[in-house]
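Letter by letter, the chains look like this.
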Amino acid sequence: MSQIQGHFTIATRESRLAMWQAEHVQALLGNMGHEVKLLGMTTLGDQILDRSLSQVGGKGLFVKELEVALEQNRADLAVHSLKDVPMELPAGFCLACVMEREDPRDAFVSNHHANLDALPQGAVVGTSSLRRMALLRALRPDLKIEPLRGNLDTRLRKLDDGLYDAIVLAAAGLKRLGLAARIRAVFEPSQMLPAAGQGALGIEVRTDRTDVIDALAPLVHHTSWLAVAAERAVSRAMGGSCSMPLAAYATLAQDRLMIDAAWGDTEGRLPLVRVSLSGLVSDLASAAALGQRVAQELQRQVLAQGGTLAHLTPSVDQPG
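Residues numbered from 1 in each chain as written. Predicted model: local features only at pLDDT ≥ 70, side-chain atom pairs only at ≥ 80, totals over all residues. Heavy atoms only, no water.

**As for the overall build of the protein**
Right, on to step 1. In terms of helices and strands, the protein carries 10 helices and 13 strands.
Right, on to step 2. Burial statistics for the protein: of 320 residues in total, 55% are counted as buried.
Right, on to step 3. If you take every contact in the protein between residues at least 6 apart in sequence, the share linking residues at least 24 apart comes to 72%.
Right, on to step 4. Only carbon and sulfur atoms are counted for the fraction: they give 50% of the accessible area of the protein, which is about 13600 Å². (Helix = DSSP H or I, 4+ residues; strand = E, 2+ residues; numbered from the N terminus. Buried < 20%, exposed > 50% of the residue type's maximum accessible area, 1.4 Å probe, protein only. Contact = heavy atoms within 4.5 Å. Areas by Shrake-Rupley, 256 points an atom, 1.4 Å probe, with all protein chains shown as cover.)

Given below as structure tokens:
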């Protein structure tokens, strides 16, 4: 039996998907000889389901309690779905690791219809993501988009109860929970661009915990980290810690990074704006710099389409 290298506690939300993600990291660290426990927590974002996140504080509500646990030394690391992590972390915290990305695409889930094109006119589609709302309106302006909150199982149950004709979810979450059979179709990025960081797991620690950062180093997937660093830079430059109706997706081929981004008006008054840029990247800083260039071009085009600075004021997206 190998000697135990470190004793760590992972802070995690208690949804089934969050627990799967934490247990996945727990198993990987365990295989490296560390002893790892889980600290399950219910965040304020999990508890408030009757109001939009923009009314109660944004995405930070899903990580704040976990950060308090890190600050109080009740936990050593927190595992997050990276797309749900605010673009700016509080002082004293950092992303120590981005793991290899799962499928970044969105999934079309329906009990009666094969894909988006098969939906009848005026069909009800559930999502609380402003990005998905804007992109769905661009693809099918006739659809009725209705809010859909709750964890993955809750959303699927609402679909099964007949409240929606279809719902749109992250493919990664369904696959991780063994629910890939619920996916009727996946949206290719050319059709519906993913959110920044979608499909990737990020691990947050206190910046002074070099022991934890060192322990996580073998789990880092550099290609995924470069891509999501660029995507998060687009989102950060466009709106900081809250989300807009914004999509950003990057792919790396050798040392050239391609970023596709889109901004949409959820009300449908302005046309969808899409930007693609590519450049050579060698590290996280150069990836982020390319992302900032994409954001600047997006802003320029939104204003050129007749948008105003008010259109570029961030609103809030919903995890999932």
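**Comments concerning the nonpolar core**
Right, on to step 1. Within the largest apolar cluster, 52 residues are counted, with the highest numbers of intra-cluster contacts made by V25, L77, L216, V234 and L298.
Right, on to step 2. Examining the composition of this core, we find that 8 residues originate from one element, helix α9 (residues 222-239), more than from any other.
Right, on to step 3. In this structure L77 touches F8, T9, I10, A11, V25, L29, L70, I203, E204, V205, V212 and L216, once residues within four positions along its chain are discounted.
Right, on to step 4. Core analysis: the second largest hydrophobic core is formed by 19 residues, L130, L135, A166 and A262 among them. (Core = buried A, V, L, I, M, F, W, Y, C linked by side-chain atoms within 4.5 Å.)

**Some words on the packing of aromatic side chains**
Right, on to step 1. Going through the model one piece at a time under the given rule, you end up with 1 aromatic pair.
Right, on to step 2. Plain terms: the ring middles of F108 and F187 are 6.4 Å apart, the flat faces sit at 75 degrees to each other, and that makes the pair edge-to-face. You can see F108 sitting in strand β5 (residues 106-109) and its partner F187 sitting in strand β9 (residues 185-187), a full 79 residues away along the chain. Neither residue differs from the other here; F108 and F187 are each classed as buried. (Phe/Tyr/Trp six-rings, centres within 6.5 Å; stacked < 30°, edge-to-face > 60°.)

**Structural notes on the sheet that holds strand β7 (residues 144-146)**
Right, on to step 1. The strand order β7-β6-β8-β5-β9 describes an open sheet built from 5 strands, whose pairing is mixed. Each having just a single partner strand, β7 and β9 make up the two edges of the open sheet. Ignoring strand direction, the axes of neighbouring strands in this sheet form an average angle of 30 degrees.
Right, on to step 2. Examined bridge by bridge, strand β6 (residues 124-126) and β7 share 3 bridges and lie parallel to one another. Along β7, the bridge assignment pairs V124 with K144.
Right, on to step 3. Lying over the sheet, helix α5 (residues 130-139) contacts β5, β6, β7 and β8 (166-170), oriented at roughly 130 degrees with respect to β8.
Right, on to step 4. Packed onto the sheet, helix α6 (residues 152-160) meets β5 and β8 and runs at close to 165 degrees relative to β8. (Pairing = 2+ DSSP bridges. Axes fitted to C-alpha atoms, helices over the stretch in contact; angles between N-to-C directions.)

**With respect to the pairing of strand β11 (residues 246-253)**
Right, on to step 1. Taken together, the 8 bridges between β11 and strand β12 (residues 256-263) define a ladder with antiparallel strand orientation. In the strand pairing of β12, L252 is matched with L257.
Right, on to step 2. Counted along the chain from β11 to the antiparallel partner β12, the turn is 2 residues long, and its residue Q254 has a positive phi close to 55 degrees.

**Section: the pattern of salt bridges**
Right, on to step 1. Going through the model one piece at a time under the given rule, you end up with 16 salt bridges.
Right, on to step 2. Between K144 and E146 there is a salt bridge; the shortest N-O distance is 3.5 Å.
Right, on to step 3. For K144, a relative accessible area of 46% puts it in the partly exposed group.
Right, on to step 4. With relative accessibility at 26%, the residue E146 sits in the partly exposed group.
Right, on to step 5. For R206, the salt bridge is made with D208, and the minimal N-O distance between the two is 3.1 Å.
Right, on to step 6. Three or more residues joined by partner-sharing salt bridges are found here, namely D103, R105, K175 and E188. (Salt bridge = Lys/Arg side-chain N within 4 Å of Asp/Glu carboxyl O.)

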